[in-house]
Amino acid sequence: MHNKILIIYTGGTIGMQPSEHGYVPVPGFEALIEERLAHSHHALLPNFDMIELAPLIDSANLAPHHWNLIADPIIKNYDKYDGFIVLHGTDTMAYSASMLSFILQGLRKPVIFTGSQIPLSELRNDALDNLITSMLLASDTTIHEVCIYFSGRLLRGNRSSKVKATGLDAFDSPNFPWLGQIGLHIELHSNLFIPQKAGKFINPTFSDNAVSILPIFPGMDGEIVDFMTASDRSKAIILRSYGVGNLPNHNQSLMNALQRASDKNIILVNISQCLQAEIFQGQYACSSILNKMGVISGAEMTLEATYTKLHFLLSTGLNAEDVQAMFSNCLAGEINQ
Ligand code: ASP
């Protein structure tokens, strides 16, 4: 018997149509999918139901409070389907896939995020293959984690980043091997799948302004940090440092401002600006000061995983100290341990 999957269309290029202002997501995408799949070997594909978010979201407009809307239909329909596809815009897909991996801990079914660089409605597109291959992957019961499938690559969602704005191979997982390669054959590297573990789904309410991201740049002024931490809603800052975690330790204005933030119990996490990287805080004198300030290393985590992990931990009601203590633990395969 065929597996049955649920497809959730959230918005994004895959289902967009041109308008006088440029591409916009348009409701009623299921009809176009049915029409395009009519020419495929439909019998090989799993049966599917589809739901659409209303309103649909260009993922550039996505904010933390939208993550619940994506997780809800999976949690509510979890027992009814063998797998799930989330059709999502590419701009913030890696954020949503990372967050869903934290919400859906203990997942025993595939959740495959995909989208496209060219809409399905166009003659020449990458949408049809991304969709069809995702449907096959979402009905593969050996997969039990949140993944991104895009252009022949099956990637762990919380290890992925969008690396190309226009290339069809838009996603990669720079610090973790691909979970699968889909070319002539579907080759899954099941030895890399997350070991099944007990866990329960938690879909907390997110506060949009809790976490900020600060790229370090030459000559920056510490006032930026003061500005970022002025509101009571600000709970954490991700520092995007140079190389293996280096900051300009001679920049007294920045160092003083970071110390003030740390004294206010703002959680400070250090990840690299380099796409392929790991943090070694203290390897250079210019980063050892961060250890004294209580800055946490984000190790080799992606920006997207770091951002969503902080949001997730903060939204479960933990205080700053507990979030700091929990942060380095691996929740869903996002960090080496
Ligand atoms: N702006 C679009 C989105 O993220 C881009 C895309 O889907 O490729 O929704």
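Residues numbered from 1 in each chain as written. Predicted model: local features only at pLDDT ≥ 70, side-chain atom pairs only at ≥ 80, totals over all residues. Heavy atoms only, no water.

## A look at the site of the ligand
Gly-12, Thr-13, Met-16, Asp-58, Ser-59, Gly-89, Thr-90, Asp-91, Ser-116 and Gln-117 make up every residue found near the ligand. Note that an oxygen atom of the ligand is positioned 2.5 Å from one of the side-chain N or O atoms of Ser-59. Within the backbone of Ser-116, a nitrogen or oxygen atom sits 3.5 Å from an oxygen atom of the ligand. Burial of the ligand by the surrounding chains reaches 89%, relative to a free accessible area of 260 Å². Looking at the shell around the ligand residue by residue, the classes come out as one nonpolar, seven polar and two charged. (Near = heavy atom within 4 Å. Polar contact = N/O pair within 3.5 Å; in protein donor to acceptor, adjacent residues only side chain to side chain. Areas by Shrake-Rupley, 256 points an atom, 1.4 Å probe, with all protein chains shown as cover. Nonpolar A, V, L, I, M, F, W, Y, C, P; charged D, E, K, R; others polar.)

## A few points about helix H9 (residues 320-327)
For H9, the full list of buried residues reads Ala-320, Val-323 and Phe-327. Down the axis of H9, the buried side of the element spans an arc of 60°, and every buried residue falls inside it. Exposed side chains of H9 directed beyond 90 degrees from the buried face belong to Glu-321 and Ala-325. Contact partners of the buried residues in H9: strand S15 (267-272), strand S16 (296-297) and helix H8 (303-315). (Buried < 20%, exposed > 50% of the residue type's maximum accessible area, 1.4 Å probe, protein only. Helix = DSSP H or I, 4+ residues; strand = E, 2+ residues; numbered from the N terminus. Arc of directions from axis to C-beta. Contact = heavy atoms within 4.5 Å.)

## Thoughts on the sheet that holds strand S1 (residues 4-9)
Taken in spatial order, the eight strands of this open sheet run S4-S1-S5-S6-S7-S8-S11-S12, and their pairing is mixed. Strands at the two margins of the open sheet, each flanked by one partner only, are strand S4 (47-52) and strand S12 (186-188). On average, each strand axis in the sheet is tilted by 20° relative to the strand beside it, whichever way the strands run. One ladder, built from two bridges, connects strand S8 (residues 153-156) with strand S11 (residues 180-182); its direction is antiparallel. Paired with Arg-153 across the strands is Gln-181, a residue of S11. Seen against the sheet, helix H3 (residues 93-103) touches strand S6 (111-114) and strand S7 (146-150) and runs at an angle of roughly 155° to S7. (Pairing = 2+ DSSP bridges. Axes fitted to C-alpha atoms, helices over the stretch in contact; angles between N-to-C directions.)

## Regarding helix H2 (residues 67-76)
Along H2, the residues that are buried comprise Trp-67, Asn-68, Ile-70, Ala-71, Pro-73 and Ile-74. Where H2 is buried, its residues contact S1, S4, strand S5 (83-87), H3, S6 and H8.

## Regarding the pattern of salt bridges
Throughout the structure, instances matching the rule amount to 10 salt bridges. We note a salt bridge from Arg-153 to Asp-172, for which the minimum N-O separation is 3.7 Å. Taken together, the positions of Arg-153 in strand S8 and Asp-172 in strand S10 (residues 171-172) put the pair 19 residues apart, joining distant regions of the chain. Among the residues examined, Arg-153 registers a relative accessible area of 13% and is labelled buried. Note on Asp-172: relative accessible area 23%, which makes it partly exposed. Note that Glu-334 is salt-bridged to Lys-309, the shortest N-O span being 2.7 Å. Taken together, the residues Glu-334 in the segment after H9 and Lys-309 in helix H8 connect sequence positions 25 residues apart. Overall, the relative accessible area of 0% leaves Glu-334 in the buried class. With a relative accessible area of 0%, Lys-309 lands in the buried category. Where salt bridges share partners, they join Arg-153, Lys-164, Asp-169 and Asp-172 into one cluster. (Salt bridge = Lys/Arg side-chain N within 4 Å of Asp/Glu carboxyl O.)

## Observations concerning empty space enclosed by the protein
Evaluated as defined, the whole model comprises one cavity of 30 Å³ or more. Within this model, the largest cavity holds a volume of roughly 160 Å³. For the largest cavity, the lining is made up of 16 residues, of which Leu-104, Gly-106, Leu-107, His-144 and Ile-194 are closest to its centre. Grouping the constituent residues of the lining of the largest cavity by class yields seven nonpolar, six polar and three charged. (1 Å grid on protein atoms, 1.4 Å probe; cavity = no way out; pocket = protein on both sides within 12 Å on 5 of 7 lines; lining within 4 Å. Points joined across faces, edges and corners; volume = space filled by probe spheres on them.)

## Here's the deal with the pairing of S7
S7 sits mainly inside the fold: five of its five residues count as buried. Burial of S7 is two-sided: the residues Val-146, Ile-148 and Phe-150 facing one way and the residues Cys-147 and Tyr-149 facing the other way are all buried. Once you follow S6 into helix H4 (residues 127-138) and on to S7, the crossover reads as left-handed. Where S7 lies against S8, four bridges are found, and the strand directions are antiparallel. Among the inter-strand pairings, Ile-148 is bridged to a residue of S8, identified as Leu-155. Here S7 folds back onto S8, and the loop between the two strands holds two residues, one of which, Ser-151, carries a positive phi near 50°. (Right-handed = clockwise from strand over helix to strand, strands pointing away.)

By themselves, these are just geometric observations and shouldn't be taken as functional.
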